[in-house]
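Coordinate analysis (summary)
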Amino acid sequence: MLLLCLLSPIAAQQNDSVVPRLSVVGHDLCASLSWQRSTTYAGATHKIFLRYPSADEYDSIGATADTVFDYCIPRQVCGDTVMFRIAYCLKDSIAEWGEAAGERFDDPSPTSPCKANCASVDEVSQQIVLSWHPSPDPDIMGYYICAGNPCTDYDTVWGRLDTTYICADHSANDENLYRILAFDSCFRASALTPYLGNLVLRAATTPCSRTATLSWNAYQNMRGGVAYYVVETRIGQSLRHDTIAPTEPLTLDITTGDSIAVITSTVTAVGNNAPLFARSNSKVIDFDAIDSAHYIIIGSCGYDMEKAAIVLEIEIDSAFHPDHLTLYRATDSNDSEAIATIAYTSANGLLTYEDRNINLLQASQYTYRVGVMDRCGTRQKLSAPCTATLPSTETRGAIFPNVIMPSRIDNNKFCPSLRFVDASYYNLYIYNRAGMLVFHTSDPSCCWDGRHNGHELPQGVYTYLLRCRYIDGSLGLQYGTVLILE
């Protein structure tokens, strides 16, 4: 039975040399204490005290009426000397202190390893997460994680019960290997766990196919082994599950309809010892990115007076190189129809097209769309519509400059700007002040350079006369003067 006693101030001042020396014999983490019974304090109770090297005071660890005492250190001691001391108690007070004695202790047993759980991938962050069961040793300080084969430095997790780690520096789309060891308060390491490797899901597709072939690596070193793999695939609004035995080829074909552009898949290894699960990375398969242009746009469409045409500026996904595009046109009185096949010759996805086959007398608006087929010729992507509004035919005729300077770099030619003029009937005449014809052309694109028979004409006033036919069939006559300056 353990007996307690209080320190007597008077007794504590006595010389403790009258008490025989304490003997301490250590073995592993236990000690056997022995001493002789004091003849001075016959019938005294012996109280035993202990002080660790890091402590400032002695703590009571027991009492006995005998002269032997066995005690085991309740915690890891890393090669430190632990001190013991005996006190003699009479009538519940310490009558005498004995001498102190110590022994060096060290835990000879190896540090117990932790048991690996799995290497999985977090569904939201898509980062690799390691998990394990804690080492059973009570003095575990933390865990060391090494990566690769051979195993090299990676990171440290502090705390015996902290048993998860996020591998933020490693991509879940690549195969990685990890091992984990525990270390105790003496910084002695346990044995390493077997290698943990993350599941990596891959996908392959071919042009003109609506099938994705999924494949993944076999999960290694799961405790109890892998029972089966579950492939989870989101197709549109539905969720598909496929179960694959570990003895079967680790591949799966997923086929979708033309209306499905994207599918998302993951694979999970399910252990025989539930509830172990190891999830792979999430794989997104974009069929549109493989088979067709991401976008096609008509940036602008408008009537160009000088060209007498509607000019369209088209932009298409530059990563997609079709053979051709199809131009569709509708008027305010006709439905849309294909009017042209445009060869794709652009290096940057930009195209310009001029539609001259228009009739201002029949329609005031023309609406265009451009379509491009996928590489398989099964689906067409159409641009948004673009509408061009034609000007009124009341603006028909020609605009002439009133001055030209043949010796200058600019403004050196007489070129009328035509509006709604039929190019098949066109005659331009220019006369000098004496009434002599100095220039004539029936080509609307031909301009007068202020010369006659190759010679520069003197500066002065000249008269022009234009006879033409407009696109509505009526004839036109315009005349005026132009001044030549040097």
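Figured I'd write up the structure that's included with this text. Model, not experiment: these values are computed from the prediction.

This part covers the pattern of salt bridges. If you walk through the whole model with that rule in mind, you get eleven salt bridges. Between E354 and R356 there is a salt bridge whose closest N-O contact spans 2.8 Å. Judged by its relative accessible area of 28%, E354 is partly exposed. When its relative accessible area of 48% is taken as the criterion, R356 is described as partly exposed.

For the rest of this paragraph, the subject is the nonpolar core. Ranked by size, the top nonpolar core spans 43 residues in total, and within it W132, W216, Y219 and Y229 carry the most contacts. Apart from the residues within four sequence positions on either side, W132 is in contact with C114, K115, A116, N117, Y143, I145, V157, D162, T163, T164, Y165 and I180.

This next bit is on the sheet that holds strand β33 (residues 403-404). The mixed open sheet is built from five strands, whose spatial order is β33-β40-β39-β35-β36. On the outer flanks of this sheet lie β33 and β36 (437-441), each paired with one strand and no other. As paired elements, strand β35 (residues 421-431) and strand β39 (residues 460-470) share eight bridges and run antiparallel to each other. Along β39, the bridge assignment pairs D422 with R469.

On inspection of all chains with the given rule, the structure shows four disulfides. One disulfide bridge connects C146 with C151, the sulfur atoms lying 1.5 Å from each other. In this structure the cystine formed by C146 and C151 twists about its S-S bond by roughly 105°; its chirality is therefore right-handed. For C146, a relative accessible area of 4% gives the class buried. Covalent S-S linkage joins C301 and C386, the inter-sulfur distance amounting to 2.3 Å. Looking along the S-S bond of the C301-C386 disulfide, the torsion reads about -105°, which is the left-handed sense. Note that C301 is positioned in strand β24 (residues 296-304) and C386 in strand β31 (residues 386-389), a separation of 85 residues in sequence. Neither residue differs from the other here; C301 and C386 are each classed as buried. Left without a disulfide partner, C167 is nearest to the cysteine sulfur of C146, which lies 11 Å away.

With that settled, the discussion passes to the pairing of strand β17 (residues 211-216). Consecutive side chains of a regular strand alternate in pointing toward one face of the sheet and then the other. Covered by surrounding structure in β17 are A212, L214 and W216 only, the residues T211, T213 and S215 on the alternate face being uncovered. Pairing of strand β16 (residues 201-204) with β17 involves four bridges; the strand directions are antiparallel. Residue pairing for β17: L201 is matched across the bridge by W216. Taking the residues between adjacent antiparallel strands as the criterion, β16 and β17 are bridged by six residues, where C208 takes a positive phi near 65°. Note: β17 against strand β20 (residues 251-255), five bridges, orientation antiparallel. Its bridge partner being in β20, A212 is matched across the sheet by I254.

Moving on to the sheet that holds β17. As summarised here, the arrangement of the three strands in space is β16-β17-β20, forming an open sheet in which the pairing is antiparallel. Every other strand in the sheet has two partners, leaving β16 and β20 as the edge strands with one partner each. Across the sheet, the mean angle separating the axes of adjacent strands is 25° when strand polarity is ignored.

Below, the discussion takes up the packing of aromatic side chains. Evaluation of the coordinates by the stated rule reveals 15 aromatic pairs. Their ring planes at 50° and their centres at 6.3 Å tell us that Y154 and Y178 sit as a pair that is tilted. Here Y154, found in strand β12 (residues 152-158), pairs with Y178, found in strand β14 (residues 177-184); they are 24 residues apart in sequence, far enough to count as distant. Among the residues examined, Y178 registers a relative accessible area of 0% and is labelled buried. Look at F439 and W448: their rings are 6.4 Å apart centre to centre, the planes differ by 35°, and that puts the pair in the tilted class. Each member of the pair, F439 together with W448, is buried. Aromatic ring contacts, followed pair by pair, group F400, F414, F439, W448, Y462 and Y464 into a single cluster. Here the guanidinium or amino end of R51 rests over the ring plane of Y58, the centre of that ring lying 5.5 Å away.

Cis geometry marks the peptide bond from N149 to P150, where omega comes out at 10°. Locating P150 in the fold gives a position in the loop between β11 (140-147) and β12. For N221, which is not glycine, the phi dihedral falls at a positive 65°. By secondary structure assignment, the location of N221 is in the loop between β17 and β18 (226-235).

On the surface, M141, W158 and F187 cluster together to form a nonpolar patch covering roughly 350 Å² of accessible area. Here M141 shows up in strand β11.

Thresholds, definitions, all that
Residues numbered from 1 in each chain as written. Predicted model: local features only at pLDDT ≥ 70, side-chain atom pairs only at ≥ 80, totals over all residues. Heavy atoms only, no water. Salt bridge = Lys/Arg side-chain N within 4 Å of Asp/Glu carboxyl O. Buried < 20%, exposed > 50% of the residue type's maximum accessible area, 1.4 Å probe, protein only. Core = buried A, V, L, I, M, F, W, Y, C linked by side-chain atoms within 4.5 Å. Contact = heavy atoms within 4.5 Å. Pairing = 2+ DSSP bridges. Helix = DSSP H or I, 4+ residues; strand = E, 2+ residues; numbered from the N terminus. Disulfide = S-S within 2.5 Å. Axes fitted to C-alpha atoms, helices over the stretch in contact; angles between N-to-C directions. Phe/Tyr/Trp six-rings, centres within 6.5 Å; stacked < 30°, edge-to-face > 60°. Lys NZ or Arg CZ within 6 Å of the ring centre and 35° of its normal. Patch = residues over 30% accessible without salt bridge, like charges linked within 9 Å, V, L, I, M, F, W, Y side chains within 5 Å. Areas by Shrake-Rupley, 256 points an atom, 1.4 Å probe, with all protein chains shown as cover.

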